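Structural overview
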Amino acid sequence: MDGFDQLPNSLILLIFNSVSDVKSLIRCRSVSKRFNSLVPETESLLLKIDRVISSDSDSDSAFLNLLKSFLYLIFPKHTLGQVQNRTHTYPAQILSRFQQIRELHVELPAGDLHLEKGTVVKWRAEFGETLKTCLILGFRLGNSYNVNYEAEFGGGLKTRVMWTISALIAASVRHFLLREVVRDHKDMEELVLTDRDGEGVVVVEKQGLSEWRKARESEREKEEEEEERGRTVVPSVRMRMRHEPSLGATLVVVRAVIDGAHSQSQIGREADVEDDAELALKAFGSGVYGDAVRELLKVRSYLLEMNSF
């Protein structure tokens, strides 16, 4: 017996949780019978998905095809690469080898938005059974400081709404991607889905995971609708938009509207404004993005509303 064999199982599991990478852990199973039995008990995992399966078949989402047809009427065609008909490799089968997942981080190979040159969009969405909040930060490089605010904001409003719709669709597709994982791993307490481009983040925390599981058990009709769309339905939302031409930057804070009641509450709207800073800094609070957010929070905001889609 060597020294490693004398280590307690709890310490080895602590090492496995630090490794976290699913591919590395699966390889560890072939090292020994002991490792083979302990790897499935790892609680903290990182799953890196290496490729995306593209689909141009007739099975593409009818909703996305309809959306594209509509958007071609109001947006330049080169911007519509943002709305894509592609599905990601599903991770449920790989993760079925692990029995006690509590924290899961899934990393996709690339972002979902293909924007015009000189445009950068970052987003962070929090979900339960459906969308709760989504923060979107967009930049258009090369803006002039000597710009009329109203003209510039109005002229680019369609583009910024398109950024928002695209980010919401991307977030809802990612949320839908992990529905089977959430169903199969009932002890999971945190789920994070990112991409290697650093474009977008989907977060589902413990309470949201519990809501999601209960909803899947009780709303079979809604689940069938989402299967057909290939994504989670985006609820009715309120979007508070701030734009600063001198920075070439836009901040959009999206909140779900529950049963329309909160939409009519002036107190609720004022509370939303106060909460914008906390949400935005949580999403983009470090580095240059954090500096841009702090400046954007100082400018006046515009309120837009959108029905469920």
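Structure shown above.
Presented here is an overview of the structure given in this document. None of the values given here were measured: they were computed from a predicted structure.

**Considerations on the overall build of the protein chain**
The number of helices and strands found in the protein chain is eleven helices and eleven strands. Counting the 309 residues in the protein chain, one finds 48% classified as buried. Accessible surface, the protein chain: about 15,700 Å² in total, of which carbon and sulfur atoms supply 50%.

**Some remarks on the sheet that holds strand S7 (residues 190-195)**
Taken together, nine strands build an open sheet; the order of strands is S1-S4-S7-S8-S5-S6-S10-S9-S11 and the sheet is mixed. Strands at the two margins of the open sheet, each flanked by one partner only, are strand S1 (44-48) and strand S11 (301-306). Strand-to-strand twist in this sheet, taken as the mean axis angle between neighbours without regard to direction, amounts to 15°. Here three bridges tie S7 to strand S8 (residues 200-204), and the two strands are oriented antiparallel to one another. Following the sheet pairing, Val192 is matched in S8 by Val203. Relative to strand S6 (residues 131-140), helix H11 (residues 287-296) is tilted by about 100°, and along the sheet it contacts strand S5 (119-127), S6, strand S9 (237-244) and strand S10 (249-256).

**Brief notes about the nonpolar core**
Counting 55 residues, the largest nonpolar core has Phe16, Leu104, Trp123, Leu131, Leu191 and Val254 as the members making the most contacts within it. The dominant element in this core, judged by the number of residues it contributes, is helix H6 (residues 149-177), at ten residues. The next biggest cluster of nonpolar side chains, apart from the first, holds eleven residues, and it includes Ala249, Ala292, Val293 and Leu296.

**Section: helix H8 (residues 206-218)**
When the terminal C-alpha atoms of H8 are compared, their 19 Å separation across 13 residues agrees well with the 18 Å that a helix rising 1.5 Å per residue should span. Of all the positions in H8, only Gly208, Leu209, Trp212, Arg213, Ala215 and Arg216 are classed as buried. Taken down its axis, H8 places every buried residue within 165° of arc, on the same side. Exposed residues lying more than 90 degrees from the buried face of H8 are Lys206, Gln207, Lys214, Glu217 and Ser218.

**Some words on the packing of aromatic side chains**
One pass over the full model with this rule turns up two aromatic pairs. With 5.2 Å between their ring centres and 90° between their planes, Phe16 and Phe35 make a pair best called edge-to-face. With a gap of 19 residues between them, Phe16 in helix H1 (residues 9-19) and Phe35 in helix H3 (residues 33-38) connect regions that are remote in the sequence. For Phe16, a relative accessible area of 4% translates into the label buried. Relative accessible area serves as the criterion here: at 11%, Phe35 is assigned to the buried category. With a centroid separation of 5.9 Å and an interplanar angle of 45°, the aromatic rings of Phe139 and Tyr289 are classed as tilted. Pair noted here: Phe139 is in strand S6 and Tyr289 is in helix H11, with a separation of 150 residues, a long-range link. Take Tyr289: its relative accessible area is 29%, and that puts it in the partly exposed class. The side chain of Arg179 reaches across the aromatic face of Phe176, ending 3.7 Å from its centre.

**Some remarks on the pattern of salt bridges**
Any two side chains of opposite charge can pair, on the condition that their charged atoms come close. What the rule picks out here adds up to 18 salt bridges. Here Asp50 and Lys23 are joined by a salt bridge, their closest N and O atoms 2.0 Å apart. Here Lys23 lies in helix H2 (residues 22-28) and Asp50 lies in the loop between S1 and strand S2 (52-54), a separation of 27 residues in the sequence. Residue Lys23 is classed as partly exposed on the basis of its relative accessible area of 36%. A salt bridge links Asp50 to Arg196; the nearest nitrogen and oxygen atoms lie 3.6 Å apart. With Asp50 in the loop between S1 and S2 and Arg196 in the loop between S7 and S8, this pair connects stretches of sequence that are 146 residues apart. Using a relative accessible area of 48% as the deciding quantity, one classes Asp50 as partly exposed. With a relative accessible area of 38%, Arg196 lands in the partly exposed category. Bridged by salt links that share partners, the residues Lys23, Asp50, Glu107 and Arg196 form one connected network.

**As for empty space enclosed by the protein**
Applying the stated criterion to the full structure yields two cavities of 30 Å³ or more. Put simply, the second largest cavity is a space of about 40 Å³. Every residue along the wall of the second largest cavity is listed here: Glu129, His175, Phe176, Arg179, Trp212, Arg216, Glu226 and Thr232. Among the secondary structure elements, those contributing two or more residues to the lining of the second largest cavity are H6 and H8.

**Some points on the environment of Gly285**
Along the chain, Gly285 turns up in the loop between helix H10 (266-284) and H11. Ignoring anything within four residues of it in the chain, the contact list for Gly285 reads Ala280, Gly290 and Arg294.

**What to know about the side chain of Arg174**
Tracing the sequence through the fold places Arg174 in helix H6. Residue classification places Arg174 among the buried residues on the basis of a relative accessible area of 0%. A polar contact of 2.8 Å, which involves the side chain of Arg174, links it to the side chain of Asp195. In this view, Arg174 contacts Leu108, Ala110, Gly111, Asp112, Trp123, Leu193, Thr194, Asp195, Glu199, Gly200, Val201 and Val202; residues no more than four positions away in its chain are not counted.

Calculation rules
- Residues numbered from 1 in each chain as written.
- Predicted model: local features only at pLDDT ≥ 70, side-chain atom pairs only at ≥ 80, totals over all residues.
- Heavy atoms only, no water.
- Helix = DSSP H or I, 4+ residues; strand = E, 2+ residues; numbered from the N terminus.
- Buried < 20%, exposed > 50% of the residue type's maximum accessible area, 1.4 Å probe, protein only.
- Areas by Shrake-Rupley, 256 points an atom, 1.4 Å probe, with all protein chains shown as cover.
- Pairing = 2+ DSSP bridges.
- Axes fitted to C-alpha atoms, helices over the stretch in contact; angles between N-to-C directions.
- Contact = heavy atoms within 4.5 Å.
- Core = buried A, V, L, I, M, F, W, Y, C linked by side-chain atoms within 4.5 Å.
- Expected span 1.5 Å × (residues − 1).
- Arc of directions from axis to C-beta.
- Phe/Tyr/Trp six-rings, centres within 6.5 Å; stacked < 30°, edge-to-face > 60°.
- Lys NZ or Arg CZ within 6 Å of the ring centre and 35° of its normal.
- Salt bridge = Lys/Arg side-chain N within 4 Å of Asp/Glu carboxyl O.
- 1 Å grid on protein atoms, 1.4 Å probe; cavity = no way out; pocket = protein on both sides within 12 Å on 5 of 7 lines; lining within 4 Å.
- Points joined across faces, edges and corners; volume = space filled by probe spheres on them.
- Polar contact = N/O pair within 3.5 Å; in protein donor to acceptor, adjacent residues only side chain to side chain.

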